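Architecture at a glance
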Amino acid sequence: MSTITTVLGTDRARRLRAALTVLLATAAAVGAPFYFAPFQVFQLTMVLLYAVALAGLNLLVGFGGQISLGHGAFFAAGAYTAAVMLDRYDTGHPATLPVAAAGCFLLGLGFGVPALRLRGLYLALVTLSSAVFLPPLLKRLEPVTGGSMGLTVEKLQPPTWSGLAEDQWMYFVVLTVTAVALLLARNLLRSRVGRALLAVRDNESAAEVMGVRLSLHKTLAFACSASFAGVAGCLYTWVIGFVSPDSFSFVLSITLLAGLVVGGLGSLYGPLLGAAFMVYVPSVSQDVSEAAPGMVFGLLIIVVMFVAPTGLAGLPNRVLGAVARRLPRATAVPGRTPDADSAPAAEPTSRAVSPPDADPRSQAPSEPSAPLAPAAPAPADAEPVGAPPRTEKE
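Criteria and cut-off values
- Residues numbered from 1 in each chain as written.
- Predicted model: local features only at pLDDT ≥ 70, side-chain atom pairs only at ≥ 80, totals over all residues.
- Heavy atoms only, no water.
- Axes fitted to C-alpha atoms, helices over the stretch in contact; angles between N-to-C directions.
- Helix = DSSP H or I, 4+ residues; strand = E, 2+ residues; numbered from the N terminus.
- Parallel < 35°, antiparallel > 145°, perpendicular 65-115°, else oblique.
- Left-handed = near helix turned anticlockwise from the far one by under 90°.
- Contact = heavy atoms within 4.5 Å.
- Nonpolar A, V, L, I, M, F, W, Y, C, P; charged D, E, K, R; others polar.
- Expected span 1.5 Å × (residues − 1).
- Buried < 20%, exposed > 50% of the residue type's maximum accessible area, 1.4 Å probe, protein only.
- Arc of directions from axis to C-beta.
- Core = buried A, V, L, I, M, F, W, Y, C linked by side-chain atoms within 4.5 Å.
- Phe/Tyr/Trp six-rings, centres within 6.5 Å; stacked < 30°, edge-to-face > 60°.

**Looking at the packing of helix H2 (residues 38-63) against helix H10 (residues 214-240)**
Pairs of packed helices are described in terms of their axes, by the angle between the two and the distance that separates them. Between H2 and H10, the least distance of the axes is 6 Å, while the angle of their chain directions is 170 degrees. Looking at the two axes, H2 sits roughly antiparallel to H10. For H2 against H10, the interelement crossing comes out left-handed. Within the contact between the two elements, H2 uses Phe42, Thr45, Met46, Leu49, Tyr50, Val52, Ala53, Ala55, Gly56, Leu57, Leu59 and Leu60 and H10 uses Ala221, Phe222, Cys224, Ser225, Phe228, Ala229, Val231, Ala232, Leu235, Tyr236, Val239 and Ile240.

Encoded structure:
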């Protein structure tokens, strides 16, 4: 009964901590645009929209076990879908979001077909080719995409009843979409599809034996990941108001993958940390060295990988584990001190200990603790000790 009570108490404490963490994070997120300057609010908005893209990439790489170096292509597809709809058809901003998500979902299904036959570096090269191929294609489709000049669209404007500035309203819109996207990713990973993805990542043969359809779940992983990237691209168009082929080079795909690895693969909080790394580290690198910001950015990635091999999301557990291993043994064994553990055992007080230069003949014999019992008389036919054995004649 006590064990059940302890488990229930631990469960309740864990839920209370989670609820308190969510409450504090919500309060900080809601109050941020009223405290920071407009440019800092813009940076926070970029962190949130990149977190959506990294959440989709985390489904594919962190939980699906497949490598993708072409995620920037899906990001660009979502951004251009929203830009073309706003510029050519004047559909309004809300209508572009579901269209971008659905279009990139279908595009991900098409790219998920090679995942059925390829894996590892071969799959990475195929996805990288899409990121390299897309910018020249966008430049060729000038009547639709605007060519090298790109497209300029109107940003999302705040309604009059809100009383918010443009950067604040955009921040709250992106914050809402990001929260919904992260919640969907969390629920998806806890569903049957998410458990199947984890099984495929750990051991494909064992997953197939257990009845998991590898082709279906690999393709779904690509499609869902591309859909998240399309939503992030659509938000990018809303925030920036301008798209061009040079904004979506293959460097974007590499940066997205690097941000996910730095944030933490297979972690629900890794996308947020990785997105913050993507936004803030380049600006810090620019301040440190205006001549070579890329070099500083690369060195910072190397340092983070040495300090936190599992990503920034796993750094707290790594630090706590290191501290626990270095604590003195007194914390592990209550009531005992390290001096008591390391001190040699004391000699019994009843035994007389003589100094090393004492004469043994001058010492008095110690008295026995109890009188010795008299020895029992030996039988008459007993042989004396040391006598030779008797023979038959004797």
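**Describing the packing of helix H12 (residues 270-288) against helix H13 (residues 293-307)**
Put simply, H12 and H13 touch, their axes get as near as 8 Å, and they point 125 degrees apart. It follows from the interaxial angle that H12 and H13 lie oblique. The two elements H12 and H13 meet at a crossing, and its hand is right-handed. Touching Phe277, Val281, Pro282, Ser285, Gln286 and Val288 of H12 are Pro293, Val296, Phe297, Leu300, Ile301 and Val304, all from H13. Residue composition of the contact of H12 with H13, grouped by class: 10 nonpolar, 2 polar and no charged.

**Structural notes on helix H4 (residues 93-112)**
For H4, built from 20 residues, the straight-helix expectation of 28 Å at 1.5 Å per residue is met to within 8% by its first-to-last C-alpha distance of 29 Å. Listing the buried residues of H4 in full gives His93, Thr96, Ala100, Ala101, Cys104, Gly108 and Gly112. Buried residues along H4 cover an arc of 130 degrees about the axis, so they all sit on one side. Counted as exposed and oriented over 90 degrees from the buried face of H4: Pro98 and Leu106. Where the residues of H4 are buried, they touch helix H3 (71-89) and H10.

**Brief notes about the nonpolar core**
In terms of nonpolar packing, the biggest core is built from 68 residues, with Leu49, Tyr50, Phe75, Tyr171, Phe248 and Leu256 touching the most fellow members. When residues of this core are assigned to their parent elements, the largest contribution, 16 residues, is made by H2. Sequence-distant contacts of Phe248, that is, excluding residues within four places in its chain, are made with Phe75, Ala76, Ala79, Tyr80, Pro135, Tyr236 and Val243. Among the nonpolar cores identified, the runner-up in size contains 6 residues, and Val281, Phe297, Ile301 and Val304 belong to it.

**Some remarks on helix H11 (residues 250-263)**
Here H11 is 14 residues long and its end C-alpha atoms lie 20 Å apart, about the 20 Å a rise of 1.5 Å per residue gives. Those residues of H11 lying buried are Leu252, Ser253, Leu256, Leu257, Gly259, Leu260, Val262 and Gly263. Residues of H11 that are buried sit in contact with H2, H3, helix H5 (121-140), H12 and H13. Of the residues flanking the end of H11, it is Gly264, one or two places downstream, whose phi is positive at about 135 degrees.

**Focus on the packing of aromatic side chains**
Within this structure, the stated rule accounts for 10 aromatic pairs. Summarising the aromatic geometry, the rings of Tyr80 and Phe248 are spaced 6.1 Å apart at their centres and angled 65 degrees between planes, so their arrangement reads as edge-to-face. Taken together, the residues span a long stretch of sequence, with Tyr80 in helix H3 and Phe248 in the loop between strand E2 (242-243) and H11 at a distance of 168 residues. By relative accessible area, which is 5% here, Tyr80 ends up buried.

**Quick notes on the side chain of Thr219**
By the element assignment, Thr219 lies in helix H10. In contact with Thr219, other than residues within four places in its own chain, are Leu109, Gly112 and Leu116.

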